[in-house]
Amino acid sequence: MQIATKEITAESLVRAALDKAEEYKDYNIFTSLDKDGALKKAKIIDEKIKNGEEVGKLAGVPFAIKDNFLSPVGNTTASSKILEPLKSPITATSVKKLEDEGAIIIGRTNLDSFAHGSSTENSYFGPTLNSHDKTRVAGGSSGGSAVAVALGIVPFATGTDTGGSIRQPASFNGVYGFKPTYGTISRYGVVAMASSTDCIGFFANSAEDIDLLMSITSGRDPKDMTTLPDYYNIETGKSSDIKTIGIIKDFNNDSVAPEIREALKKKIEELKSAGHKIIEFDMPMLKYALAVYYIVVPAEISSNLSRHDGVRYGYRSSEAKDLDEVYGKSRSDGFMPENKRRIMIGNFVLSSGFYDAYYLKAQQARTLIIKEYENAFSKCDFILTPVAPNPAFKLGEKTNDPVAMYLEDVMSVPLNLAGVPGLAIPAGETKDGLSLGLQLVGPRRSDRELLRFASNIAKKEGK
Ligand code: GLN
């Protein structure tokens, strides 16, 4: 807006973002920056405004993309060695829609390689540091995007959320992070992790900003047949301002850090005093969600990653003597240990001897989890839970214990299995200054109401 009214120029905004990116270099936020390209695009926008031409809703706004979104800007590495050389000829639908409105990519952000992880420590380019405490993890897998927004480098950044990768780093860095209903934003042009749970979403400083980004990027895309018809931009009529909020008992017990329980308690009191109704219930199937997730997701990963064979694109080992070695050595050098672990688990659960016992059983349990959410939303409008059981942990603390790392995902993965939307909202800090986050969960396609509800409660709190 300030740009369209000529108060500031796109060029000065982009330059400021690039300067900040430089200033915070030691956080290892970006895998690459596109300084020249971004400044060139900004100048074109300033020129258009000078000539009185029409510009988009995001004209001149700098943003960052997680480095698993395809675009000719930089190389799409997915923070891996195997894709490090990949220069994409195509642009992800979501990125294209943002660029069509005039937003300008300043760089690509670091992630756990192929988005496998909860800390951004599994990156080929090394970990991203937490915005509140450099000795702690940024969260993951979209750690770079979360920290870029938290440190004020860009007003928004893209992320992917297959099991919490937007919400968890958002909560570890004190910003808003939104995972929409499955199928709301096209996955076309985004490096696939697990196709049945992958969602595209955003990091920003408010629910209103995310609402704007959603209205621009959501909708049916012929290039992704799992996208839903555009429900997001259809006004559903005014729903009541007073909501019933569900609290899940199992996510509010001793397994949750005391500071997070305190933040939850405080939020419940705030909601009550604003007139909302709070109810408590159990969702017993959710205790199986983590086990289901770590069967279904590796199964899909093992299939999606089979295309990276050293032949078609990306890195190829120069030591290979025959075709088998091209596949073997390229994949062996190109993937991180966590990628390999998931490929092995996926192949195991899909193998003929174990398919029924693991994969099929997990899919059946997934159906029960979906039903349990449907049942819960017959009793309440939204559910409020922590995003993760603990605030940001120390760098290196869980890298040698994959199960401990997986356990951090216990509260975020159930939403992805059910395809329901979730918004991480900032909820204060610990006494040591670490950020705390809570998540609001809604039924499928309640995305707009969920964001508007979050924006209303933030306004009431004067934030
Ligand atoms: N932490 C989860 C995992 O490692 C989620 C990752 C994601 O959402 N991309 O699978």
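Below, the structure is looked at part by part. Source: prediction; values computed, not measured. (Residues numbered from 1 in each chain as written. Predicted model: local features only at pLDDT ≥ 70, side-chain atom pairs only at ≥ 80, totals over all residues. Heavy atoms only, no water.)

**Brief notes about the site of the ligand**
Inference 1: The immediate surroundings of the ligand are formed by 15 residues, with Thr162, Gly163, Ser165, Tyr293 and Arg342 found nearest.
Inference 2: In the environment of the ligand, a nitrogen atom lies 3.0 Å from a nitrogen or oxygen atom belonging to the backbone of Gly117.
Inference 3: Starting from 290 Å² of accessible surface for the ligand in isolation, the protein chains cover 99%.
Inference 4: Of the residues that constitute the shell around the ligand, the class distribution is four nonpolar, eight polar and three charged. (Near = heavy atom within 4 Å. Polar contact = N/O pair within 3.5 Å; in protein donor to acceptor, adjacent residues only side chain to side chain. Areas by Shrake-Rupley, 256 points an atom, 1.4 Å probe, with all protein chains shown as cover. Nonpolar A, V, L, I, M, F, W, Y, C, P; charged D, E, K, R; others polar.)

**Notes on the environment of Glu338**
Inference 1: Tracing the sequence through the fold places Glu338 in helix α10 (residues 337–350).
Inference 2: Glu338 sits 222 residues away from His116 along the chain, and the two C-alpha atoms are 6.8 Å apart.
Inference 3: Separated by 2.3 Å, the side chains of Glu338 and Arg341 make a polar contact.
Inference 4: At 2.7 Å, the side chain of Glu338 and the side chain of Arg342 are in polar contact. (Helix = DSSP H or I, 4+ residues; strand = E, 2+ residues; numbered from the N terminus.)

**A closer look at the sheet that holds strand β8 (residues 277–281)**
Inference 1: Strands sit in the order β1-β3-β2-β4-β6-β5-β10-β11-β9-β7-β8 across an open sheet of 11 strands; the sheet is mixed. Whereas interior strands pair on both sides, the edge strands pair on one side only; in this sheet they are β1 (30–33) and β8. Here the strands of the sheet are splayed against their neighbours by 30° on average, with no regard to which way each runs.
Inference 2: Of the strands in this sheet, β1, β2 (62–66) and β3 (104–109) are in contact with helix α1 (residues 10–23), which crosses β3 at around 15°.
Inference 3: Across the sheet, helix α2 (residues 35–50) touches β1 and β3, and the angle it forms with β3 is around 160°. (Pairing = 2+ DSSP bridges. Axes fitted to C-alpha atoms, helices over the stretch in contact; angles between N-to-C directions. Contact = heavy atoms within 4.5 Å.)

**Some thoughts on the packing of aromatic side chains**
Inference 1: A complete count under the given rule lists 15 aromatic pairs for this structure.
Inference 2: A ring pair is formed by Phe172 and Phe393, whose centres lie 6.0 Å apart and whose planes are at 90°; its orientation type is edge-to-face. Here Phe172 is found in helix α5 (residues 167–173), whereas its partner Phe393 is found in the loop between β9 (382–386) and α12 (402–407), with 221 residues between them in sequence.
Inference 3: Given the relative accessible area of 2%, Phe172 is considered buried.
Inference 4: Between the NZ or CZ atom of Lys379 and the centre of the ring of Phe281, over which it lies, the distance is 4.7 Å.
Inference 5: Its guanidinium or amino end placed over the ring of Phe393, Lys398 lies 5.1 Å from that ring's centre, counting from NZ or CZ. (Phe/Tyr/Trp six-rings, centres within 6.5 Å; stacked < 30°, edge-to-face > 60°. Buried < 20%, exposed > 50% of the residue type's maximum accessible area, 1.4 Å probe, protein only. Lys NZ or Arg CZ within 6 Å of the ring centre and 35° of its normal.)

**Concerning the environment of Ser255**
Inference 1: Here Ser255 lies in the loop between β7 (244–248) and α7 (258–273).
Inference 2: When residues no more than four places from it in sequence are discounted, the contact partners of Ser255 are Asp250 and Pro389.

**Re the pairing of β8**
Inference 1: Looking at chain direction, β7 and β8 are connected through five bridges and run parallel. Residue pairing in the sheet places Ile248 in a bridge with Phe281 of β8.
Inference 2: Read from β7 through α7 to β8, the crossover connection turns out right-handed. (Right-handed = clockwise from strand over helix to strand, strands pointing away.)

**Notes on a nonpolar patch on the surface**
Inference 1: A cluster of nonpolar side chains, namely Val311, Leu323 and Tyr327, defines an oily patch on the protein surface of about 250 Å² accessible area.
Inference 2: Note that Leu323 resides in helix α9 (residues 323–334). (Patch = residues over 30% accessible without salt bridge, like charges linked within 9 Å, V, L, I, M, F, W, Y side chains within 5 Å. Salt bridge = Lys/Arg side-chain N within 4 Å of Asp/Glu carboxyl O.)

**Description of the packing of α1 against α2**
Inference 1: At a closest axis distance of 7 Å, the pairing of α1 and α2 adopts a crossing angle of 160°. In this view, α1 runs roughly antiparallel relative to α2, as classed from their interaxial angle. For the pair α1 and α2, the sense of crossing is right-handed. Facing Ala10, Glu11, Val14, Arg15, Leu18 and Glu22 of α1, the residues of α2 in contact are Lys35, Ala38, Leu39, Ala42, Lys43, Ile45 and Asp46.
Inference 2: Residue composition of the contact of α1 with α2, by class: seven nonpolar, no polar and six charged. (Parallel < 35°, antiparallel > 145°, perpendicular 65-115°, else oblique. Left-handed = near helix turned anticlockwise from the far one by under 90°.)

**Remarks on the packing of helix α8 (residues 289–304) against α10**
Inference 1: Look at α8 against α10: their axes get within 7 Å of each other, and the N-to-C directions meet at 105°. Regarding the angle of α8 to α10, the classification is roughly perpendicular. In this structure, α8 uses Tyr294, Ile295, Pro298, Ala299, Ile301 and Ser302 to contact α10, whose residues at the interface are Arg342, Ile343, Ile345, Gly346, Asn347, Val349 and Leu350.
Inference 2: Residues belonging to the contact of α8 with α10 are distributed by class as follows: nine nonpolar, three polar and one charged.

**What to know about the nonpolar core**
In summary, soluble globular proteins display a tendency toward joint burial of nonpolar side chains.
Inference 1: With 97 residues, the main nonpolar core has Leu98, Phe156, Tyr373, Ile383, Leu384, Leu423 and Leu440 as its most contacted residues.
Inference 2: Of the residues forming this core, the biggest block, 10 residues, is contributed by α8.
Inference 3: Once residues within four sequence positions are removed from consideration, Leu423 is found in contact with Tyr176, Gly177, Phe178, Ile210, Leu438, Gln439, Leu440, Leu450, Leu451 and Ala454.
Inference 4: Core analysis: the next-biggest nonpolar cluster, separate from the first, contains 33 residues, Val14, Leu39, Ile49 and Val387 among them. (Core = buried A, V, L, I, M, F, W, Y, C linked by side-chain atoms within 4.5 Å.)

**Description of the pattern of salt bridges**
Inference 1: In the structure shown here, the tally under the stated rule is 19 salt bridges.
Inference 2: In this structure, the salt-bridge partner of Glu11 is Arg15, at a minimum N-O distance of 2.8 Å. Note that Glu11 and Arg15 are positioned in helix α1 at a spacing of four residues, about one turn of the helix.
Inference 3: Since its relative accessible area comes to 23%, Glu11 is described here as partly exposed.
Inference 4: Across the pair Asp309 and Arg312 runs a salt bridge whose closest N-O atoms are separated by 3.2 Å.

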